[in-house]
Structure formats: structure tokens, C-alpha cells
Number of protein chains: 4
Amino acid sequence: MHLLSEREWLAYRQKNKDRARMLISCPDRAGIVAAVSHFLFEQGANIVQSDQYTTDPETGRFFMRIEFDVVNLAERYESIKESFRPVAESYAMEWSLVEANRRKKMAIFVSKEDHCLLELLWLWKSGALHADIEVVISNHPDMKETVESFGIPYRHIPVVKDRKAEAEEAQLAAVPDNVDLLVLARYMQILSPRFLQVYPMQIINIHHSFLPAFVGAKPYEQAYQRGVKLIGATAHYVTEELDAGPIIEQDVQRVTHQEDVETLKQLGRQVERTVLARAVGWHLEDRVLVYGNKTIVFP
Amino acid sequence: MHLLSEREWLAYRQKNKDRARMLISCPDRAGIVAAVSHFLFEQGANIVQSDQYTTDPETGRFFMRIEFDVVNLAERYESIKESFRPVAESYAMEWSLVEANRRKKMAIFVSKEDHCLLELLWLWKSGALHADIEVVISNHPDMKETVESFGIPYRHIPVVKDRKAEAEEAQLAAVPDNVDLLVLARYMQILSPRFLQVYPMQIINIHHSFLPAFVGAKPYEQAYQRGVKLIGATAHYVTEELDAGPIIEQDVQRVTHQEDVETLKQLGRQVERTVLARAVGWHLEDRVLVYGNKTIVFP
Amino acid sequence: MHLLSEREWLAYRQKNKDRARMLISCPDRAGIVAAVSHFLFEQGANIVQSDQYTTDPETGRFFMRIEFDVVNLAERYESIKESFRPVAESYAMEWSLVEANRRKKMAIFVSKEDHCLLELLWLWKSGALHADIEVVISNHPDMKETVESFGIPYRHIPVVKDRKAEAEEAQLAAVPDNVDLLVLARYMQILSPRFLQVYPMQIINIHHSFLPAFVGAKPYEQAYQRGVKLIGATAHYVTEELDAGPIIEQDVQRVTHQEDVETLKQLGRQVERTVLARAVGWHLEDRVLVYGNKTIVFP
Amino acid sequence: MHLLSEREWLAYRQKNKDRARMLISCPDRAGIVAAVSHFLFEQGANIVQSDQYTTDPETGRFFMRIEFDVVNLAERYESIKESFRPVAESYAMEWSLVEANRRKKMAIFVSKEDHCLLELLWLWKSGALHADIEVVISNHPDMKETVESFGIPYRHIPVVKDRKAEAEEAQLAAVPDNVDLLVLARYMQILSPRFLQVYPMQIINIHHSFLPAFVGAKPYEQAYQRGVKLIGATAHYVTEELDAGPIIEQDVQRVTHQEDVETLKQLGRQVERTVLARAVGWHLEDRVLVYGNKTIVFP
């Protein structure tokens, strides 16, 4: 929560000024790492961190995240991309090159419960989230004052039954172009397939249970009835199938027979905000790759 | 795992010689604790530990576990029970009085996977399980040598499809009378309602998943497919509804995209054996009370 | 973080209106529980929760925390205390009777790092801390605006080397009378014995390490140098011996070789704020008893 | 604990038949990864996993662990090493090439407490430790029968005060040549510098505390006196400075005021055996690199 001073912030920017991240996925075969690292060497880059994973060394898919420093990144960004294209093509890569220094843009959706929203706002204010929060959108007016006190615009867009499409239109209009991430911070409305298609694997939801246990509504009530000894939360990308998108992070909290539903919810909020914050942080640092319905996380 | 020396064992028996546990459940109302503690005071007992829980102070059910020392417990055990009867009746109590020093009798059922069985055998040999293991019963011959090397009888009772009833007859005959606990230590056959009725809330099973996620067979395969970030295990009492009996204990282990199904299973075995051992230990020390489909655990 | 609505707040007060907590410590001997519970029964009380602990059933000290409901607590509070006095005397008890509904008063001391302060403010605003924060005192002006935005007075009292006594005078004057708890939420000045004597076992500090490892200053630097694989935090009561007062709570966070000192600190802040919040919550609910240099916590 | 069947064992060997691990450390500079991966590509190798770490991209030291498959590894092992030599020299690398299929040799030292020894024996029997246990050496005769029942030689070498050098001679003679790892599984004698020099960073000890808290003897007694809320264990390489060698792994277990010293020890044994087993497994799979007094673990 430590607020970054101007000096610290400049130091951070300075430190990451020439740092880039390359994300790659392609059919696995011999020579990929050699080709990529040889390319980076030719560019004068110094590899700082590198993670890779293959689903199967013979017939599988290969995933790589590589962080490197290269002098004058900003000026050379486009030319590096251009030069890499032939390498990428020869291995049929899906890939991207990201400047670590470029702040991503995010929007937050929230309903009435504020613990996840507040956690994100605090982390953001403390400098731990490397992103700009462009707007907070809610189907309720409740959080307006709080959000605006952080200097962030708040848009109250009511969602009326049978007129959801209208609300989604307004929401899509309220989200700035080229936003990198939408976070559903306890947003209790289901988004339509049409909405989801605009942001594929760019919407993170926090589900207040340890998925796939207790899918759907009222998971704490379900957990209480079942007498479980741990409650949990799950951060996942949102897909058309409800509560079934790729899981990014999960965690649990021990409970006993003593906890009533209200206390379960209170304990659950702690897990929810922690799990969501971790998932959002990883996404913003390009640490999450999606493969089928699973994630590969290089934390 | 520390093997108790003869001296340590005698010390344990001496220390617990006069220790008793009283377990009570009854409709909650004012005066219960006063009545019980007054009774114990009159008996010259010294309360060592006491735990209680009420589902609701007004209209709920009250649960209590109380440990106390009383001089010459063995001789006075029956007379204490006799004297408590009127107290119990006036509060409509279900109750029991247990001598801490009396070793419970248990039987273990196992199929082919041995990690849970071995954990129990080791804990038992080390003196950490206050029980006698009367017999290990298996539908496979594999563990015979290992079990007998601990000085424990091994009964191989094959379970043939369409002749399960016959096998259960043999199993029931092989379990000594007045056994306090049956542990299904990765026993992969479903027990019939008839069998279960003989041992109500006396059969503990380890389910190799974080129930109610991944009920039924092949939970690690299911977990792998779903891409979860934690795997878990659940120890529960066995009831007629498969995988749905009262949960005693659960725990989890963090996993990543790197783990294949085999590694998930290997990690899972660690959680399974730990969770089962905890549940068995609590049962043997009379720390688990059942209410509806939930447990109250006073650990 | 959930902000209590007026309705929820009234419901809470209503639910706890007649709830009291009795805290007892005395030499252990037979009959204590019977005497206390008989007394409560005579008062028409219904025991809701009861925890006890004895250092040794023969010669030890006995500790008890008992929660009960009694009709018209507010009017009868003094008379119940009066009636209990002879019981207490006959067992040489130290004891207190607390109305659960009475909000405790607390003051917070902070220096420059704000994560612990903010966690307490958020919990407080959400209704999870049952206390009034009377004042925040700091040797720096930095947090003034934030604290005042919560409607809480902020006192900036600089601490100048060689004139500490003067500062402490001002601090003592700034803390309202009958405050129940002082929280050092990353307050980086050492308090004098004279100051500490005013608030015995009423000052909680968060130490940014897993005590007794890395006592004193710069624990994250120490931890980094030593290459530990877990970092932790400790909440403890402040006594004259630096970093050696009774420990209330500790927790840890896994780290690897990858974390530099800055990242250790960032991860550490999460543990610190969680551990401190737990300790403060337990203190406010009268769940912590002190015995010698240890705490007994009935969570 | 699952005993590997002959079939499973062959499958494991087959799967790892052509798998190698390369461990590298050298001054960091641009081009290392490119050089290594280009070399492997030329050898026809397919990289399966790769981890790297640099203490500082500019002036630091670079560490790498790379797993790859290459056809006919066994025949080509020496020629691959030979071909890599010039690459290694041009970057001033310390390096090694390990066949994953080659089982390492280990010896275990133990005194009287058997929980750590048993954990290793069970893991070994279950096939989870990819090593041959050549001998168990003890200063006590107690574990002879148990160890020999696993088919492992047991050497009882008493350690008499003032004649330690003699005992160490016998120990060194009892340990087979070219052993890769010595595990002190609760071996309670201090080894001389002379002994340690024979096995630099090849001796793993389990310390029964959360180092650097409670160094030296009787840590559970120390922890009890200090009233800590977590107890822990530390696995570390043994160096001349007692309890101060590079830490490989640590973990903790929550405790409360209720636990007496004996129970702390019992809980501690669970943490000790888990932590030691993890450290030993990582060492055997070449996942631990040492740098100064710290470890880099690629788990």
C-alpha cells in the first residue's frame, strides 16, 4: 500500500525503460529457443528472465515468456518486431512484444460489494499495479464517491431486466478503446456472448468459491450447507460457459463448524481480494498464457 | 514416527490413567454447563479441557466435549455414569463417557495403493495413534507382507463382481466385534447400505479430491482437465450417498500448469495421507461430533 | 471491506445487546467451572461460547473466556459484577466482565509506511473492527489527508532526537483517556519505559519479521542476506525489552531466490497487514490473555 | 508411497533414457542463452525445460538449468561434453552435464529419532527418490532391523567423546566412493571441518527449527519458552559454521498456547520430514545451485 513517491516512480520507469517481454506459443520442435535467443543476441539484448513450458516435447505446443533489456528500446521497438517476423513465421509462432514500461489500461466493473474494488484501488494507488484505471463502471451508484476520491471516473449504468442489451451498449461505449483488461470485481451481472467477444481472454472475474465446487450463485450458502472445512476463491477468464473459463489463480482459507454463513462470507472476502489481485497483477505483467481452457502462469 | 520406548509408553498411560472424556449433545438452554460442571465438581473431577458449540443460543442444539481427571477412574467409571444419568435425562442429552486410557480398536480396508495404509501403520508404530489395529482387510494380496511385518493380521478377501454380498459377509466376519472405527485407506470398492448400517459414523473414507469438486472416479484426471491451481483431499464419514457424508477434514496442495496427471497423483498422495491421518486421530480422541450432515470438530 | 449499512449495524448491535464476556485467570483447582457456570445459571445467563486452558491441571494456572447472553445486560451489568465478587474471591481470580456491545477506543501510531494503517482504516470503515479510532498520531505529516478523509483526527507530533521525552508528553496528551488499545502500525520510534507503563499489555506492535529471527532493524535486508525461503511478520505486545514482548500472532509468506530486497518488502507488507489486523481484532474481542511472556489466544 | 511396479519402473527409465540436464553458472552477459541453445540445437536436442536466474543483468552472475532430450544420449554423452567445452570456456562457465537416467548414490546418517530416516526410506521404496541408498550409518544400533528390512546395509559406528576423529575415519570408510549426497536425517553429532571438506555442498542437514531463529540445541524448548505461534524446520547444506549453511527449504506449522513441548516436537517431526524430503528430492534432480551462502532452487 506504500505510496510511490515521485522519485521512486521515476526510478521504476528508469529501471524498466529498456525492458521488453516477448510472449511466444508455437508447435514444439527442436531449435526454437536457439532461434529466439540467437535473434535477441543479434539485437544486442540481454535476457533477464526466461520461462518456458511444453505440453509434450514430441508433439506438443511450446510456450515461452522472455524478458530482456535492449538499449534504446523505445526507438527500436518497431524495427525489432519487424526483424523478428521471419523467425516467427518459420516456427509458426503466435507472439507479441511488450514494452515493460508501457502502462496497460484497465476498466473495473463492480456491483455493490466493494472489497475487491478497494483492494485494486489501493494496490493501484500504492504503485503495485502497473496500469491506468480508466474507469469504474457499476450497475449501482454506491461507490461513486469512493472511486472519484481516487481521481478515477465512475460511470453508473443501471442494468434493467429485459433491457440488458441496452446497458451493455452503454458499457461498451463507456470503456475506452484499446483497454487491455476488464476486471469484474464482484460484478454480479452475466455478460452476453456478444460483449465477451469484444474482449477475448481480457476479462478477469473473481468467483467467490473454489471452482468447480459450488458453481453459480450463493456459494457460501452452499459451502455452509455442505460443511466444508476450507472455503476458497477462483480468479478466471470469462468465457461464454458460466464459471468455466480458464482458471488463473485459486486459494483457500480454513474454516470450522463455528463459522456461520455471514462469517464465511467475511473470511471469503479476504481470499477473494487476494486471489483477484494476484491474477490481475500477473495479467498486467504478461505472465498468463491461455491454452485451450487452461492457463500457463509464469509467476 | 518416533517409536515410543517402554518407559514413554508407561508414562503416557500413567498420565492418562485417570483422564476421562464426556461427549454431550442436547437442545440448548440455560444451565447445561452449570449442571455438568457441578456434577463433575461433586465427583471430585478436575476439568482439563472443555469445548462447546451451539448452533443457536435460543433454539439450537448444544455440543460439548469435556476432558477431566478424577482419582481412581477405572474403579469409579460405572458409578460415575450411573450418577450422571439423571442429569442427562433432565436435559435430554445424548452422551457418552470415555476413558482416555482405553485404546480403541480399528480395522483398515485397503485396495492397491498403499500410501494411506503406510501412514497409518507408521503413526501407529510411533505411538501417535492411540488404538489397536486389529486387522487389515484387502481385496488384493499385495500388502500382506508389509502389514504382517508390523505384527498385524492381514485378510485377503477378493471382491468379485456380482458376488459382492458374499465378500461383504466375509469382511463383516473378519472385523472383530466391538471395533470402534473402520478406515477406508484408499479402498476402491463401494460398500453396500447393509454394511454401512453396521457401522454408522464409524467408517472414515479418504476421498482423493477436494469435495464436492470432482466427486466420483478419476478426480485427478478431472482436476487436470479443468486446470485447477490447487488439488485437495477430503476425509469424511461414509454414508449411503456416495462421497456425500459428513466432512471431517480437508486440505490442499498448490499445483501449476507444469504438473501432469501422474505428478498430480503423487502430490495428491501426500495430501491424502495427511488429511486421513488427522481425521483418524481426531476420531480416536473423540474430537468429532456429527450433527445432520456436518461435523463439529474440537481439535 | 463491506461497508455496513445502517440496517446491518443496528442488527449487529441488537444481536449483541445482551451479550457479555467474562475473562478469568486463577490458580487451577477443581470446581472453578462449576462455580462460574452455576453463578451464570443463577443470573439467568445462557452460555454461548466458552474456552479454557490450564497450564497444568494439578499446580497450574487456569484461564477462561466465556461469552453469554443475559436479559437486560446494560441495566444489570453492575449488579452482576457485584454478585460475582465473592465467587471470584474464593478462587483468587483475576477477572473482568465486558459488554460485547461496548465499542473499545483505540489510537494508532504510524510513521511513513501506510499499509498497516490503511488496512486498519479499511477494516474499521467496513465495520469489521468493533472499535472507535480516536486519533492517529504520527511523527510525519504524510498521512494527514488520508486519515482525515475517514473522519478521524490526525496529530502530527515530530520526534526530534534528544527531545523524545517532550514528544512522548505530547503523544500521551493526544491520546484520549480510557483508550483501550494503542496500535503501532509501523511506528518506527522506540517508546520509553515510562510511556509503556501507562499502557501495560495495551500496545500492539507489528514487527516486520518472523520473531525471534531478525530482531531489530532492517529485517528484510537480514532475511535477504541469509537466503531464507519464507518471510514472516509478528504482532506482539510491547514491553520494555525490544522485540521480546508476548507474541499474539505470526504468519509467513513463501519466497524464492528471485526476490530482491524490495520485493521481499512488498510481499512482507501483505503479511504484516494481515497479521496485525488479526491481532488487533482478537484484542478488541477480548480473545487474548497474557501469562508471563506468552499469550493465550481463544480465536 | 506407491510402490513402482516393474512395468512402471521400466516406463520411467524409458521415458528418461535420452534426457539430460545441463547446469551452468557464469558471469552474466549477452549471448549466453543463445550460445547454449544454439549448441543444443546443433546436437539435435529438444529442450524440455529451462530455468535461469541472474543476480543482476549488468554485472551479476548467471545461473541456468536446462533439461533436454537427445537421441542416443548414453552413447553420445562424452562427445556432447567434449563439444560443449569451447562454448563453456568462452563464457567462463562452471557447468555439468547429467544423465537424468543415472541414479545418484546417497548415504544417510541418523541418530535415535527415526521419522526423517523412515520418510526417506518410504519415499525411496515408493520410487519417488531417484537414488540408491548405499548405506545408513548411525551412532546407535536402534534402527538396524528396520533399515535392513529395506535391504539396505546398516553400519553402527559409535561416537565416543574425545575419540570423534576415529569415528569419522570409520564413517568416511563406510561411505562408498563416488556417493553424491549425504543426508543427516536427525544425526545429532557435529561433523568436523575435515569431514565436511570431503563433501562440499553434498551434505544436507535438517534443522528442527525455523533458522535463524533458535539455532543450536533444543529449539522446541526455546520455541515453547518464547511462545511462538508457528514452528518450522529448515533443510540446509552443512558448512563449517554451525546451522549457517545455505538454506534449501523451510516450512512451518501453526501452533497455539495449548501445545506443550512434547506436542511441539511431535508436530515438528511432520514438518521436518516433509522439508527434508523436499530438499533431498530437489538435490537429486539437480535443482539446487549454490551461490555464496544462498541457494537458487529451480523446483
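Residues numbered from 1 in each chain as written. Chains lettered and ligands numbered in written order. Predicted model: local features only at pLDDT ≥ 70, side-chain atom pairs only at ≥ 80, totals over all residues. Heavy atoms only, no water.

Topic: the overall build of chain A
Where we set the bar: Helix and strand labels come from DSSP, where a helix needs a run of H or I of at least four residues and a strand needs a run of E of at least two; each type is numbered from the N terminus. Restricting the calculation to C-alpha atoms gives the radius of gyration, and the globule rule supplies 2.2 Å times the number of residues raised to the power 0.38. Whether a residue is buried, partly exposed or exposed follows from its accessible area with a 1.4 Å probe, protein chains only, as a fraction of its type maximum: under 20%, in between, or over 50%, in that order.
On a plain count of helices and strands, chain A comes out with 9 helices and 13 strands. Here the C-alpha radius of gyration of chain A, 21 Å, is about what a compact globule of 299 residues would show, namely 19 Å. With the C-alpha coordinates aligned to their principal axes, the bounding extent of chain A is approximately 60 × 45 × 40 Å. Looking at chain A as a whole, 59% of its 299 residues are labelled buried.

Observations regarding the UniProt feature "domain: ACT" (unreviewed entry) in chain A
To keep it simple, the criterion reads: UniProt positions are given in the numbering used here, feature names are shortened, and annotations may be inferred rather than shown by experiment.
Look at the UniProt record and you will see "domain: ACT" (unreviewed entry) annotated at residues 21-98 of chain A. Summarising residues 21-98 of chain A: 37% helix, 38% strand, and an end-to-end C-alpha distance of 5 Å.

Describing helix 6 (residues 164-174) of chain B
Residues and elements named next belong to chain B. Rule in force here: Directions from the helix axis toward the C-beta atoms define the arc. Whether two residues are in contact is decided by their heavy atoms: any pair within 4.5 Å suffices.
Taken as a whole, helix 6 has its buried residues at Ala167, Glu168, Gln171, Leu172 and Ala174. Projection of helix 6 onto a plane perpendicular to its axis shows the buried side chains occupying an angular sector of 160°, all on one side. Exposed residues lying more than 90 degrees from the buried face of helix 6 are Ala165 and Ala173. The secondary structure elements touched by the buried residues of helix 6 are strand 5 (104-110), strand 6 (131-138), strand 7 (154-156) and helix 7 (193-198).

A closer look at the sheet that holds strand 6 (residues 131-138) of chain C
All names here are of chain C. Rules: Between any two strands, pairing holds if DSSP finds at least two bridges. Each axis is a line fitted through C-alpha atoms, and for a helix only the stretch in contact is used; angles between axes span 0 to 180 degrees, taken between their N-to-C directions.
Taken together, 7 strands build an open sheet; the order of strands is 7-6-5-8-9-10-11 and the sheet is mixed. Looking at which strands have only one partner, the edges of the open sheet turn out to be strand 7 (154-156) and strand 11 (247-254). Taken pair by pair, the neighbouring strands of this sheet meet at an average axis angle of 20°, ignoring direction. Here strand 9 (residues 203-207) pairs with strand 10 (residues 230-237) via 4 bridges, running antiparallel. The residue bridging His207 from the neighbouring strand is Thr234, located in strand 10.

Here we look at the packing of aromatic side chains
For any pair of aromatic rings, the description consists of the separation of the ring centres together with the inter-plane angle of the planes. Counted only if it meets this: Here a pair means two rings of Phe, Tyr or Trp (six-membered ring of Trp) with centres within 6.5 Å. Their orientation is stacked below 30 degrees between planes, edge-to-face above 60, and tilted elsewhere. Criterion for a charge above a ring: Lys NZ or Arg CZ within 6 Å of the ring centre, and within 35 degrees of the ring normal.
Here the structure, examined in full by the defined rule, presents 32 aromatic pairs over all chains. Judged by centre distance (6.1 Å) and plane angle (45°), the ring pair of Phe195 of chain A and Tyr199 of chain A falls under tilted. Take Phe195 of chain A: its relative accessible area is 0%, and that puts it in the buried class. Taken together, the aromatic side chains of Phe109, Tyr187, Phe195 and Tyr199 of chain A make up a single cluster linked through ring pairs. Its guanidinium or amino end placed over the ring of Tyr224 of chain A, Lys294 of chain B lies 3.2 Å from that ring's centre, counting from NZ or CZ.

Points about the sheet that holds strand 4 (residues 94-99) of chain C
All names here are of chain C. Read from one edge to the other, the open sheet built from 4 strands follows the order 2-3-1-4, with strand pairing classed as antiparallel. Two strands bound the open sheet, and with one partner strand each, they are strand 2 (46-54) and strand 4. When strand polarity is set aside, the average angle formed by the axes of neighbouring strands in this sheet is 10°. Bridge analysis of strand 1 (residues 19-27) against strand 4 gives 6 bridges, and the strand direction is antiparallel. Its bridge partner lying in strand 4, Ser25 is registered against Glu94.

Quick notes on the pattern of salt bridges
Selection criterion: A side-chain nitrogen of Lys or Arg and a carboxyl oxygen of Asp or Glu constitute a salt bridge if their distance falls within 4 Å.
Overall, the coordinates contain 112 salt bridges over all chains when judged by the stated rule. The shortest N-O distance in the salt bridge between Arg21 of chain B and Glu67 of chain B comes to 3.7 Å. Of this pair, Arg21 of chain B sits in strand 1 (residues 19-27) while Glu67 of chain B sits in strand 3 (residues 61-69); the two residues are 46 residues apart in sequence, bridging distant segments of the chain. One exposure class covers both Arg21 of chain B and Glu67 of chain B, and it is buried. Between Asp69 of chain D and Arg19 of chain D there is a salt bridge; the shortest N-O distance is 2.8 Å. Of this pair, Asp69 of chain D sits in strand 3 (residues 61-69) while Arg19 of chain D sits in strand 1 (residues 19-27); the two residues are 50 residues apart in sequence, bridging distant segments of the chain. One exposure class covers both Asp69 of chain D and Arg19 of chain D, and it is buried.

Focus on the environment of Ile32 of chain C
All names here are of chain C. Locating Ile32 in the fold gives a position in helix 2 (residues 32-42). Note on Ile32: relative accessible area 2%, which makes it buried. Along the sequence, Ile32 and Phe62 sit 30 residues apart, while their C-alpha atoms lie 8.8 Å from each other.

Some points on the pairing of strand 12 (residues 288-291) of chain B
Looking down a regular strand, the side chains alternate between one sheet face and the other. Residues and elements named next belong to chain B. Bridge count for strand 12 against strand 13 (residues 294-297) is 4 bridges, and the pairing is antiparallel. Counterpart to Leu289 in the pairing with strand 13 is Ile296. What sits between the antiparallel neighbours strand 12 and strand 13 is a turn of 2 residues, in which Gly292 has the positive phi angle 60°.

A look at the interface of chain B and chain D
In plain terms, the rule: When two components associate, each loses some accessible surface as probed by a 1.4 Å sphere; the sum of these losses over both components is called the buried area. Counting of polar contacts relies on pairs of N or O atoms within 3.5 Å, with two restrictions inside protein: one atom must be capable of donating a hydrogen and the other of accepting it, and residues adjacent in sequence are counted only when both atoms are side-chain atoms. By the convention adopted, Pro, Cys, Tyr, Trp, Phe, Met, Ile, Leu, Val and Ala count as nonpolar, Lys, Arg, Asp and Glu as charged, and the other residues, Gly among them, as polar.
Contact with chain B, which involves 21 residues of that partner, is made by 21 residues of chain D. Roughly 1500 Å² is buried in total at the junction of chain B and chain D, and carbon and sulfur atoms are behind 46% of that figure. Here Arg273 of chain B and Glu119 of chain D are joined by a salt bridge, their closest N and O atoms 2.6 Å apart. Inspection of the chain B/chain D interface yields 4 residue pairs in polar contact (both at pLDDT 80 or more). Those elements that provide at least two residues to the side of chain B that touches chain D are helix 4 (115-125) and helix 9 (261-284) of chain B. Top contributing element to the side of chain B that touches chain D by residue count: helix 4 of chain B, with 6 residues. Taken together, the residues that form the side of chain B that touches chain D break down as 6 nonpolar, 7 polar and 8 charged.

Here we look at the interface of chain A and chain B
Chain A puts 32 residues into the contact, and the matching count from chain B is 32 residues. For the pair chain A and chain B, the summed buried surface comes to about 2700 Å²; carbon and sulfur atoms form 55% of the total. It is Arg226, Lys229 and His257 of chain A in chain A that bury the most area against chain B; as a group they hold 26% of the surface buried on that side. Asp251 of chain B is the salt-bridge partner of Arg254 of chain A, the closest N and O atoms lying 3.7 Å from each other.

Quick look at the pairing of strand 6 (residues 131-138) of chain D
Residue and element names in this part refer to chain D. In plain terms, the rule: Look down the strands so they point away from you; if going from the first strand over the helix to the second traces a clockwise path, that crossover is right-handed.
Judged by how many residues are buried, strand 6 sits mostly within the fold: 6 of 8 residues are covered. In this sheet, strand 6 lies alongside strand 5 (residues 104-110) in parallel orientation, the contact comprising 7 bridges. When the bridges of strand 6 are listed, Met106 appears paired with Ile133. The handedness of the strand 5 to strand 6 crossover, carried by helix 4 (residues 115-125), is right-handed. Running through helix 5 (residues 144-149), the crossover from strand 6 to the neighbouring parallel element strand 7 (residues 154-156) is right-handed.

Re the UniProt feature "active site" (unreviewed entry) in chain A
Residues given the UniProt feature "active site" (unreviewed entry) here are Asp243 of chain A. Following the sequence through the fold, Asp243 of chain A ends up in the loop between strand 10 (230-237) and strand 11 (247-254).

Description of the domain arrangement of chain A
All names here are of chain A. We apply this condition: Where each domain starts and ends comes from a domain assignment, either automatic or drawn from a database.
Per the domain assignment, the segments making up chain A are domain 1 (6-99) and domain 2 (104-297). Centre-to-centre, using C-alpha coordinates, domain 1 lies 30 Å away from domain 2. Across the contact, 14 residues belong to domain 1 and 10 residues belong to domain 2. Summing both partners gives a buried area of about 940 Å² for domain 1 against domain 2, and 65% of it is carried by carbon and sulfur. Along the contact surface separating domain 1 from domain 2 lie 2 salt bridges.

A short note on the side chain of Gln171 of chain D
Note that Gln171 of chain D resides in helix 6 (residues 164-174). If we ignore the near neighbours within four places in the chain, the residues touching Gln171 of chain D are Phe109, Ile137, Ile157, Val159, Tyr187, Leu191 and Phe195 of chain D.

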